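Breakdown of the fold
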Amino acid sequence: MSAGPQLALMDQKQAGTPKLRHQPPTSRFWESVTILHRRRTTVIAVFATLAILVHLVLRFVLRTPAGMQQMPLLATLVFGGIPLVYELTRNLLRREFGSDLLAGISIVSSVLLHEYLAGSIVVLMLSGGEALENYALRNASSVLRALAKRMPAIAHRKRDSVIVDVALDEIAVGDTLVVYPHDICPVDGTVIDGHGVMNEAFLTGEPFEITKAPGSTVISGAVNGESALTITATRRAVDSRYAKIMEVMRESEQNQPHLRRLGDQLGAIYTPVAVTIAVLAWVVSGEAVRFLAVLVIATPCPLLIAIPVAIIGSVSLAARRSIVVKNPAVLEQITECRTAIFDKTGTLTYGEPKLTKQLIAPGFAQKEVLTLAASLELYSKHPLARAILAAAKAERLHLQQASHVSEPPGQGLRGTVGGHDIQITSRGKLFSQKTPGAEHLPPIAGGLECIVVIDGKFAATFRLRDAPRVEGRSFIQHLGPKHQFRRIMILSGDRESEVRYLAEQVGITEIHAEQSPEQKLAIVRQETAAAKTLYVGDGINDAPAMMPATVGMAVGQNSDVTAEAADVVAMENSLKKVDEFMHISRRMRSIALQSAVGGMLLSIGGMMFAAAGFLAPVAGAISQEIIDVLAVLNALRAAFPPKVISDMAEPT
């Protein structure tokens, strides 16, 4: 580009750069207040933590008077306890009973008993748990931010040989745009100049980079290869494929399923029992202190502490196994999932072509044909070249130097290797050239293919497919017997022939092929309404479907958008990590139930003693602390690896 157009382009950029609007101080203040209110449980948890630390310093380090020691705790009970108790009262009026309701009663009781430290700790436990839950829910919005971040803010519009940068909303149907190498395509369109490839796998489910030439369609969000392409916009940015995915994601975010936590399920039973015992103790004895004594020992610390400790320990163990748990709630849910839904490309397959068949014509030797073809493919940028080279490397073939290499558009790859004229082309071009030996061409089959012509004669057909993972069949076969999955299906945007081929390879009978993100979302919602679901995928087109699933898991790090949408991310690209996560979750649930139910039974025993008058409130509080320690010590076992962390059969 000459200096003139460069300066014009810079001026255009400066002119088109949006200016920051300065908000007035009052607007910024109320915006800050809104954010704080939305994250009030986090603020309360931080405040309670600091207040308890200040109390301990005043009490044990500075040894200040008792009244001064209690001030931070009273502030916690006013600042944090009152809002939490108010929320719990509203839940009570809506007839929603859980372990947190008993915690609210405990806060009030601790104030009446002047047990301010105990009350502050309960405030911290309540607010901390809610803050973690809210953080997981906010991840849904981060998916939309990741989608928006991935999309370019500008496009390169070409008019009268001048290229200027314009905002996406300024692009009209019919505009000519230039997509530079490695750029993300800004809108849907048609190629009018240039030859190259685009990676559409995250959007469509098609596993390979797609060759683009004049007349080819391109979709927004696809990643361009190493060649610049000139396209004509066929849709506005707001109507593009990528924008539609964002719409589906936004709608999916607003309709996420509500997961009932393990602590809530147990608390719904434990809370009425504890309150009933406390009321009966008061009514029968006529002493209010017995009511308070029962509630002190009834404080559901095994639910509020032991279960989170087991969850945190399991999250830590998973992290050491290269599994990132973003939403801890799914640790409690995956053991109840009965339907497993898998994406195809990059999940059950490697997401790249493999040379699966070499159909050699009479008069040619397999090793010679592969050697000559691979020697020529060394000079090609075609996405299938890597698969042919990998096959030659696997057979330890010695490749030769090629000369006179050319790749005319639409003609395939040509060159001379070892004195032989080699051409790698398509089925259609073979017939149009009336190549001798074409009668030996095998019938059309699934997957991709390329034709090898040696010295003007048909020599071979190479067939390529997206190869299934080596561990795929053993993983699928063990899901039913070992993890109680009743239905297993593939949900893919790829062609039906390819999906059916893979399903046969891994042992899945139910498939849904050629599905758009909108259709995937509808199917997952329907399945989740019937039974709890596990969705495993890796591409952007999987992100909307992950969110309504009970548990969404991303395999590998192919897409930041999918990683944001997923509840769990396996950093290693292997199905074995999915199995490991299920084992970690099952063990976590077992340990959490042991700790919670065991602690609850001990607490109920203590409540009986308190109701009978054998335990005063202070003694009850001490007894509860002992129960808490036992429950927490048992819960800590979740952080240590079990003897068996995967029970998949080794692939043969």
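Before reading further, recall that the structure is shown in the block above.
Read on for a plain summary of the structure. (Residues numbered from 1 in each chain as written. Predicted model: local features only at pLDDT ≥ 70, side-chain atom pairs only at ≥ 80, totals over all residues. Heavy atoms only, no water.)

Some points on the sheet that holds strand E12 (residues 349–360)
Judged by pairing direction, the sheet is antiparallel, and its 6 strands sit side by side in the order E12-E17-E16-E15-E14-E13 without closing on themselves. Whereas interior strands pair on both sides, the edge strands pair on one side only; in this sheet they are E12 and strand E13 (402–406). Within the sheet, the average angular offset between the axes of one strand and its neighbour, ignoring direction, is 20°. Strands in contact with helix H15 (residues 385–394) are E12, strand E16 (448–454) and strand E17 (457–468); relative to E12, the strand with the most contacts, it is inclined by about 65°. Set on the sheet, helix H18 (residues 496–506) makes contact with E12 and E17; between it and E17 the angle comes to about 65°. (Pairing = 2+ DSSP bridges. Helix = DSSP H or I, 4+ residues; strand = E, 2+ residues; numbered from the N terminus. Axes fitted to C-alpha atoms, helices over the stretch in contact; angles between N-to-C directions. Contact = heavy atoms within 4.5 Å.)

Comments concerning the pattern of salt bridges
Under the defined criterion, the tally for this structure stands at 21 salt bridges. A salt bridge links Asp175 to Arg157; its shortest N-O distance comes to 3.3 Å. Residue Asp175 is found in the loop between strand E2 (162–167) and strand E3 (176–179), and its partner Arg157 is found in strand E1 (residues 154–159); the two are separated by 18 residues along the sequence. A relative accessible area of 10% places Asp175 in the buried class. Assessed through its relative accessible area of 10%, Arg157 is described here as buried. With a shortest N-O distance of 3.3 Å, Asp239 and Arg236 are connected by a salt bridge. Among the charged side chains, a salt-bridge network with shared partners connects Arg321, Glu572, Lys577 and Glu580. (Salt bridge = Lys/Arg side-chain N within 4 Å of Asp/Glu carboxyl O. Buried < 20%, exposed > 50% of the residue type's maximum accessible area, 1.4 Å probe, protein only.)

Side note on the sheet that holds E1
As summarised here, the arrangement of the 6 strands in space is E2-E1-E3-E9-E4-E7, forming an open sheet in which the pairing is antiparallel. Every interior strand has two partners, whereas the edge strands, E2 and strand E7 (217–218), have only one. As judged from the 6 bridges shared by E1 and E2, these two strands associate in the antiparallel manner. Bridging from a neighbouring strand, Arg157 pairs with Val164 of E2.

Observations concerning H15
Along H15, the residues classified as buried are Ala385, Ala387, Ile388, Ala391 and Ala392. Structurally, H15 contributes buried residues whose contacts are with E12, helix H14 (366–377), E16 and E17. Phi for Arg396, located one or two positions after H15, is positive at around 55°.

Let's talk about the pairing of E1
Here E1 hands over to E2 after 2 residues, with Asp160 in that stretch at a positive phi of 55°. Here 2 bridges tie E1 to E3, and the two strands are oriented antiparallel to one another. Counterpart to Arg157 in the pairing with E3 is Leu177.

Quick look at the side chain of Ser120
Considering the arrangement of structural elements, one finds Ser120 in helix H6 (residues 116–150). Other than its neighbours up to four places away in sequence, Ser120 contacts Ile52, Leu73, Thr76 and Leu77.

Thoughts on the pairing of strand E21 (residues 551–555)
For E21, the tally of buried residues reaches 5 of 5 residues, placing the bulk of the element in the interior. Summarising the sheet, strand E20 (residues 533–537) and E21 pair through 4 bridges and their orientation is parallel. Looking at E21, one finds that Leu534 is bridged to Val551. With 3 bridges joining them, E21 and strand E22 (residues 568–570) adopt parallel strand pairing. Across the sheet, residue Ala554 finds its bridge partner in E22, namely Val569.

What to know about the packing of helix H3 (residues 40–61) against helix H4 (residues 66–93)
Packed helices, taken two at a time, are described by their axes: the angle between them and the distance between them. For the pair H3 and H4, the least separation of the axes is 8 Å and the interaxial angle reads 160°. Viewed along their axes, H3 and H4 adopt a mutual orientation that is roughly antiparallel. By crossing handedness, the relation of H3 to H4 is classed as left-handed. Of the residues in H4, those touching H3 at Arg40, Val43, Ile44, Phe47, Ala48, Ala51, Ile52, Val54, His55, Leu58 and Arg59 are Met68, Gln69, Gln70, Pro72, Leu73, Ala75, Thr76, Phe79, Gly80, Pro83, Leu84 and Glu87. Grouping the amino acids of the contact of H3 with H4 by side-chain chemistry returns 15 nonpolar, 5 polar and 3 charged. (Parallel < 35°, antiparallel > 145°, perpendicular 65-115°, else oblique. Left-handed = near helix turned anticlockwise from the far one by under 90°. Nonpolar A, V, L, I, M, F, W, Y, C, P; charged D, E, K, R; others polar.)

A word on the packing of aromatic side chains
All told, the structure shown has 3 aromatic pairs when counted by the stated rule. Arranged with centres 4.7 Å apart and planes meeting at 50°, the rings of Phe47 and Phe79 form a pair that is tilted. With a gap of 32 residues between them, Phe47 in helix H3 and Phe79 in helix H4 connect regions that are remote in the sequence. Here Phe609 and Phe614 contribute two aromatic rings whose centre-to-centre distance is 6.3 Å and whose plane-to-plane angle is 65°, an arrangement assigned as edge-to-face. By the burial criterion, Phe609 is exposed, and Phe614 matches it. Stacked on the ring of Tyr350, the Lys or Arg Lys354 has its end atom at 5.8 Å from the ring centre. Sitting over the ring of Tyr501, Arg465 keeps its end group 3.8 Å from the ring centre. (Phe/Tyr/Trp six-rings, centres within 6.5 Å; stacked < 30°, edge-to-face > 60°. Lys NZ or Arg CZ within 6 Å of the ring centre and 35° of its normal.)

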